[in-house]
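Observations on chain architecture
Listed below are the residues making up each chain.
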2 protein chains.
Amino acid sequence: MTETLERPVGASTNPASETARHWLGAFGDALAQGDPAGAARLFTKTSFWRDLVAFTWNLKTVENPAGVEDMLRETLDHVVPSNFQLAEEAEEADGVVTAWFTFEIKVGRGEGLVRLKDGKAWTLLTALYELKGHEEPMAENRPMGAEHGVDPDRKAWVERREEELETLGYTKQPHTVIVGGGQGGIALGARLRQLGVPTIIVEKNDRPGDSWRNRYKTLCLHDPVWYDHLPYIPFPKNWPVFSPKDKIGDWLEMYTRVMELNYWSKTEATHARYNDEAGEWEVTVNRDGEEVVLRPKELVMATGMSGYPNIPNFKGQHIFKGEQQHSSEHRGPEGCEDKRVVVVGSNNSAHDICASLWEVGADVTMVQRSSTHVVQSDSLMEHGLGDLYSERAVRNGMTTHRADMIFASLPYRILHEFQTPIYDKIKKLDSDFYDALEEAGFMIDFGPDGSGLFMKYLRRGSGYYIDVGASQLIIDGKVKVARGQVVELTEDAVVLEDGTELPADLVIYATGYGSMNGWVAGLIDEATARKAGKVWGIGSDTRKDPGPWEGEQRNMWKPTQVDHLWFHGGNLHQSRHYSLYLALQLKARHEEIPTPVYGLQEVHHDGI
Amino acid sequence: MTETLERPVGASTNPASETARHWLGAFGDALAQGDPAGAARLFTKTSFWRDLVAFTWNLKTVENPAGVEDMLRETLDHVVPSNFQLAEEAEEADGVVTAWFTFEIKVGRGEGLVRLKDGKAWTLLTALYELKGHEEPMAENRPMGAEHGVDPDRKAWVERREEELETLGYTKQPHTVIVGGGQGGIALGARLRQLGVPTIIVEKNDRPGDSWRNRYKTLCLHDPVWYDHLPYIPFPKNWPVFSPKDKIGDWLEMYTRVMELNYWSKTEATHARYNDEAGEWEVTVNRDGEEVVLRPKELVMATGMSGYPNIPNFKGQHIFKGEQQHSSEHRGPEGCEDKRVVVVGSNNSAHDICASLWEVGADVTMVQRSSTHVVQSDSLMEHGLGDLYSERAVRNGMTTHRADMIFASLPYRILHEFQTPIYDKIKKLDSDFYDALEEAGFMIDFGPDGSGLFMKYLRRGSGYYIDVGASQLIIDGKVKVARGQVVELTEDAVVLEDGTELPADLVIYATGYGSMNGWVAGLIDEATARKAGKVWGIGSDTRKDPGPWEGEQRNMWKPTQVDHLWFHGGNLHQSRHYSLYLALQLKARHEEIPTPVYGLQEVHHDGI
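Residues numbered from 1 in each chain as written. Chains lettered and ligands numbered in written order. Predicted model: local features only at pLDDT ≥ 70, side-chain atom pairs only at ≥ 80, totals over all residues. Heavy atoms only, no water.

This part takes up helix α10 (residues 377-385) of chain A. Taken as a whole, α10 of chain A has its buried residues at Ser377, Ser379, Leu380, Met381 and Leu385 of chain A. Residues of α10 of chain A that are buried sit in contact with α7 (225-228), β18 (373-376), α13 (412-429), α15 (452-459) and β19 (464-467) of chain A. (Buried < 20%, exposed > 50% of the residue type's maximum accessible area, 1.4 Å probe, protein only. Helix = DSSP H or I, 4+ residues; strand = E, 2+ residues; numbered from the N terminus. Contact = heavy atoms within 4.5 Å.)

Listed below in structure tokens is the structure:
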């Protein structure tokens, strides 16, 4: 539950609340009367209803009265929504009334946020937060721990836990298997543990947190702490703004332990196939040398929002005498002190790697093949996240859940309209910085519509650098920049299209990753990967995010064209928030609650 | 800082606030004018001022205007208190105005709680919460984590941490050594880490949390979760009410890691002496086989609020053919299935052990040598703790810090007056339970003045059982009770003074522990232990807590008669709250801030 919902609001004379209460009443009535057209008339001509699982058993945005009406025609009968209540006083600003509310459906309880213009809904967010009869055991409902009274047959907590660790995956099968035990798998695992869904997380590394520990030494999170909380156990007040990688690794490790996750480390999923007859997956894993076949009902890929490394094919790669590695293989600058290093690529990883190489004294050149969006970390914190995720926001009463809901309530279709003014402001305030960078020969962009970092992240998950220092090295000429495409490698150099030869002992390809369904091709087969299709992006018809318009992130946290196959991940914010909706979808299936999906996405790109 | 202090209060017409503001103004003026007599006149004839470090560099309660005047005469000149401000609206109930306030002293900032009767102070609590210039790096002041910008000489977090782990205790000396790494040592260690005081915690067990893990299998905490939070990282909302011992063990282990404590496990402190010339301790420890001499300025005993086990001497102990063990040695009921077990003692441990033995089928007799205070866990939660530490309290806006401060504000001298009505109520509501227990031959008491559990805990740390099920076994005759003193052991029985012979294969002495300064005798020498004197108790002149009146817990969390030697511990609530004041005392010494102690306690009992 959210603190939003803990403040019931009685009658009041606040005009914004009156407006909101009136709309909620009319909307609730139309739904109760089974009147999709009537409900649709309560929306403005251009309007957006984003539903997270409550009405659609999907993550779905419908648009305009026609979209609302279609969705309700398909769902109203079985959803049975009711009891729409204002959760706190509404607010009005710039002619928009913003109101938080709660509601019920037949099988669960939801919360929502509506923005009204002239008394009609312009944006509506509805989100399921719990299933009736399956509320999380928290706060008032937390477990007792000790069973008072004495019972010769009772088992101590440690005995029950040990038994579970011994039997799950062997004599008892998990309902869900999560492949990948980074932050995404861990957050989802925690939600499922809380909901009582037997789950095993499979992770190839030795310990939880190793996916961070194994990266280069000076790496810190690029997002600030307020944005990065995990569910249930927020970072404490003394936590650094940008968590060093080993510290976040330790946190994930302890989190996995105290949340009692069934986390199989040193375990690699080698093959999976769906057994139609048995109605279950057969997931073969190698657990520290032992082959085990897991038979879950549901399979979640949480292998990171990226797929396999993209390694470009250049003429002459085989004759190059130095070392070549993808950025994902790079373990830090040790041993590179005297080397000439060419880093191909100009996004986050490329910058981080160049900076750490320069620190040890290497001779570093970054090859920029296309323009990059750069935003200074402080500016991003202040202007991009400050109202929702910052100490200032906390002081003003903003909670993580509320911030997540506000963020989720902005429809993807118009999200860039909210973002562009922020980046216009940053561009102006930091103009000296951008001028200096361009003067150093670095190509800057702010996205195809000037909407900046978060839209690039949502659309393609790449194309940007959050500047934590490397840009100054470029400005100062300490990290050299070469522009243009690579045409070939010689024995000891990288050659660009304009003929420039960049002498190199080491070439690092910071050239990104394929779509996450690449992992499906490897684990299951290519046909299944094609059936599931490309993962990530919203169909914005911009670079690396081809149309048509999808409305939601492709394949993330929601049903796919492959039954019982799910994708989970994203940054810490997304892992935290969307793990709730994915967990509720899995829990409903575990409890055999009917989950008719409205608007299952079509596949427009195979992503292979 | 507390949320209490985050609500500044401007002018208001609330009459309670007016009264409080008037008193704070007059009190602040008298202090500013260096007028102890004038300040003393602002207290009622019978009144109590409890100071936690702010005025006294001590934990000290002075009584009545005369006590106030004496304390201020000694302290006012160097403390320089100022800026007394109401922190939130005051409240009035039953003729008592209660007000939260903030203030400053020359070197720090404090918070307080005053209760006024007829415009004069009846109880006053003043507590230091931070030293100026040494505020904890939290919230707005949290560390950045990443150092933006690039620096060839910078070290990654993990490198700095590894260097600290390698050097501290060897080439660099800690300022403070804490002997004992249970919850007490860990909480204090966390405070000191936050304050930047180099500290090593020495713990003989293999892992943090083992002091819990090593106890019997079904043990759960007897205090509820709301009472048990550690500083900085509260238990999450899904944490059980009564934490199973292994789960709290895991929590302590992860806490130690993520709070980055320098925790030397597998390490036993074997000897300590104070080197007067060098002005430092020499603490010899055996670290997993390696002898290391630590040279801290300050030494903290955090070995549990109990000292060495009390093992009674009975005639015939050497001829008894079965096994004898102290409760601290008892590892659980395994192997006792067919045994006749006599448990000598009738407090918490005795009950827990009897219940777990009965569960496996042992034949169990408890020997009750004197009456026991019993209170059912649910009643204690509801009536004893509910207003301050419960989900209900949380719902009503109570925070842990606020609850701790309220609890601390009730003077020990009159605390029993607040407690007795609670236990009168419990006695009445649970009269059937108490009647049945007495009918089963069990002797009940409610403390010498009917003040119940918490007063027994403060006075003697023993003499009670929080019933989580064993009492019903006694009522049902499943655990047998024998009353009276033990006179001897035969080859196969325990013999009581009335001639009763209790056949036994195993005798367990649940006979408690000596004073904590027993550890000092073992680690340093007996003379030092006698000089420090008895630890625990308040001089209530009741059983096991001889007078004269001390006013505060003997030797706990404050300066002792042995310079640079400190005692820390208590239950989780006390470890959490009082670790702040002990940490501030140690930090001040670390920074060489003058710390003139007012009213250093005298030793009335050597505790040996």
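Now for a negative patch on the surface. Taken together, the side chains of Asp432, Asp435, Glu438 and Glu439 of chain A present a region of like negative charge at the surface. Residue placement: Asp432 of chain A occurs in helix α14 (residues 431-439). (Patch = residues over 30% accessible without salt bridge, like charges linked within 9 Å, V, L, I, M, F, W, Y side chains within 5 Å. Areas by Shrake-Rupley, 256 points an atom, 1.4 Å probe, with all protein chains shown as cover. Salt bridge = Lys/Arg side-chain N within 4 Å of Asp/Glu carboxyl O. Lys, Arg positive; Asp, Glu negative; His and termini not counted. Charge placed at Lys NZ, Arg CZ, Asp CG, Glu CD.)

What follows deals with the interface of chain B and chain A. How large an interface is tends to be reported as the accessible area lost when its parts come together. Taken residue by residue, the interface counts 58 residues in chain B and 58 residues in chain A. Summed over both partners, the interface of chain B with chain A comes to about 5200 Å²; 61% of that surface belongs to carbon and sulfur atoms. For the interface between chain B and chain A, the tally reads 10 salt bridges. At the boundary of chain B and chain A, one finds 22 residue pairs in polar contact (both at pLDDT 80 or more). Mapped onto the side of chain B that touches chain A, the elements with two or more residues apiece are α4 (157-167), α7 (225-228), α8 (245-258), α9 (348-359), α10 (377-385), α11 (391-395) and α16 (470-475) of chain B. The residue inventory of the side of chain B that touches chain A, partitioned by class, reads 31 nonpolar, eight polar and 19 charged. (Buried area = accessible area lost by both parts, 1.4 Å probe. Polar contact = N/O pair within 3.5 Å; in protein donor to acceptor, adjacent residues only side chain to side chain. Nonpolar A, V, L, I, M, F, W, Y, C, P; charged D, E, K, R; others polar.)

Residue and element names in this part refer to chain A. On the basis of which strands lie adjacent, the open sheet formed by five strands has the order β10-β9-β8-β14-β25 and parallel pairing. Looking at the sheet topology across the chains shown, the edges are occupied by β10 (263-264) and β25 (565-567). Here three bridges tie strand β14 (residues 298-301) to β25, and the two strands are oriented parallel to one another. Residue pairing in the sheet places Leu299 in a bridge with Leu565 of β25. Set on the sheet, helix α5 (residues 183-195) makes contact with β8 (176-179), β9 (199-202), β10 and β14; between it and β8 the angle comes to about 165 degrees. (Pairing = 2+ DSSP bridges. Axes fitted to C-alpha atoms, helices over the stretch in contact; angles between N-to-C directions.)

Attention shifts here to the environment of Phe235 of chain A. Residues and elements named next belong to chain A. Within the secondary structure, Phe235 is located in the loop between α7 and α8 (245-258). Linking Phe235 and Ile186, residues 49 residues apart in sequence, is a C-alpha distance of 15 Å. Residues in contact with Phe235, not counting those within four places in the same chain, are Val225, Asp228, His229, Leu230, Ile248 and Trp251.

Right, let's get into the pattern of salt bridges. Tallied over the entire structure, the rule returns 76 salt bridges over all chains. Linking Glu591 of chain A and Lys587 of chain A is a salt bridge whose minimum nitrogen-to-oxygen distance equals 2.8 Å. By relative accessible area, Glu591 of chain A is classed as partly exposed at 31%. Between Asp387 of chain B and Arg392 of chain B there is a salt bridge whose closest N-O contact spans 2.8 Å.

The relative placement of two packed helices is expressed as an angle between their axes plus a distance between the axes. Residues and elements named next belong to chain B. Relative to each other, helix α13 (residues 412-429) and helix α15 (residues 452-459) sit at 150 degrees, their axes nearing to 7 Å. If you check the angle between α13 and α15, you find them roughly antiparallel. Counted together, Tyr412, Leu415, His416, Gln419 and Tyr423 of α13 and Gly452, Leu453, Phe454, Met455, Leu458 and Arg459 of α15 form the full contact between these two elements. A breakdown of the residues in the contact of α13 with α15 according to their chemical character gives seven nonpolar, three polar and one charged. (Parallel < 35°, antiparallel > 145°, perpendicular 65-115°, else oblique.)

All names here are of chain A. Under the criterion given, the structure shown has 56 aromatic pairs over all chains. Taken together, a centroid distance of 5.2 Å and an interplanar angle of 70 degrees make the contact between Phe433 and Tyr434 edge-to-face. When the ring centre of Trp122 is taken as reference, the NZ or CZ atom of Lys117 above it lies at 3.9 Å. (Phe/Tyr/Trp six-rings, centres within 6.5 Å; stacked < 30°, edge-to-face > 60°. Lys NZ or Arg CZ within 6 Å of the ring centre and 35° of its normal.)

Turning next to unusual backbone geometry. Residues and elements named next belong to chain A. Following Gly547, the chain continues to Pro548 via a peptide bond in cis, the omega torsion being 0 degrees. Here Pro548 shows up in the loop between α18 (526-532) and β25. Positive phi, normally seen in glycine, also occurs at Asp541, with a value near 60 degrees. The class for Asp541 is exposed, based on a relative accessible area of 62%.

Functional significance is not addressed by these values, which are geometric in nature.
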